[in-house]
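What follows is the residue order along each chain.
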Amino acid sequence: MKIEIQGKEFELRTTLGTVKLIEREFNRESIIKIIERAENMSAEDLIKLIKPAVKKEEQQEFVSLLEENYGIGEAYELIGEYVEQLMYPGKTKEEIKEIQEINLKKQKSLNKVG
């Protein structure tokens with residue numbers, strides 16, 4: 001996933017290795033629990049969530065540009081898009097929606113059985 005801030009492009013990594021880095025930022029809490037809390041996170045925690053996605057040598061510049069150019073609403077939107085890519089790397093929004101709908105149907109049918 002790529003984003004551009006003030007003309008500078010950053011690649012946000014969405015690999016399992018990045019998930020491990022994020023979990024370390026949050027004291028090894030599972031990524032699922034971190035994501036569940038994302039909509040109620042402070043600005044500092046939002047940055048903590050997305051910072052590991054950027055190459056180490058670009059993190060300081062990325063955080064500075066993010067803090068100087070994004071509002072809180074934009075930060076939440078970015079995190080939302082990023083979380084989708086963490087869960088389903090390389091998929092389009094439409095593909096992710098289809099996968100989520102299928103998973104929801106499966107969950108509903110399992111709930112009826114149980």
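### Topic: the packing of aromatic side chains
Think of a pair of aromatic rings as described by two things: how far the centres are apart, and how the planes are tilted against each other in angle. This model, assessed by the stated rule, comprises one aromatic pair. Plain terms: the ring middles of Phe10 and Phe62 are 5.1 Å apart, the flat faces sit at 70 degrees to each other, and that makes the pair edge-to-face. Taken together, the residues span a long stretch of sequence, with Phe10 in strand 2 (residues 8–11) and Phe62 in helix 4 (residues 59–69) at a distance of 52 residues. Assessed through its relative accessible area of 0%, Phe10 is described here as buried. Assessed through its relative accessible area of 0%, Phe62 is described here as buried. One Lys or Arg, Lys8, reaches over the ring of Phe10 and ends 5.7 Å from the middle of that ring. Its guanidinium or amino end placed over the ring of Phe26, Lys48 lies 4.6 Å from that ring's centre, counting from NZ or CZ.

### Section: the nonpolar core
The biggest cluster of nonpolar side chains holds 27 residues, and the ones touching the most others in it are Leu12, Ile22, Ile50 and Phe62. Mapped by element, the contributors of at least two residues to this core are strand 1 (2–5), helix 1 (16–25), helix 2 (31–37), helix 3 (43–50), helix 4 and helix 5 (72–87). If near-sequence neighbours (up to four positions away) are discounted, Ile22 is found in contact with Ile31, Ile34, Leu49, Pro52, Tyr82 and Leu86.

The rules we used
For every chain, the first residue of the written sequence is number 1, and numbering continues from 1 along that sequence. Per-residue local features of the predicted model are confined to residues with pLDDT of at least 70, and side-chain atom pairs are confined, for both listing and counting, to 80 or more; whole-chain, interface and lining totals are unaffected and use all residues. Heavy atoms throughout the structure, all of them, feed into the side-chain values; hydrogens and water do not. In this analysis, rings of Phe, Tyr and Trp, with Trp reduced to its six-membered ring, are considered paired at centre separations within 6.5 Å, and the interplanar angle assigns stacked below 30 degrees, edge-to-face beyond 60, and tilted for intermediate values. Strands here mean DSSP runs of E at least two residues long; helices mean DSSP runs of H or I at least four residues long; both are numbered from the N terminus. For each residue, the accessible area found with a 1.4 Å probe, counting protein chains only, is set against the maximum for its type, and the residue is called buried under 20%, exposed over 50%, and partly exposed in between. Cation placement over rings: the criterion is NZ of Lys or CZ of Arg within 6 Å of the ring centroid and within 35° of the ring normal. The set of buried Ala, Val, Leu, Ile, Met, Phe, Trp, Tyr and Cys residues whose side-chain atoms join them within 4.5 Å is what this entry labels a nonpolar core. Should any heavy atoms of two residues lie within 4.5 Å, those residues are considered in contact.

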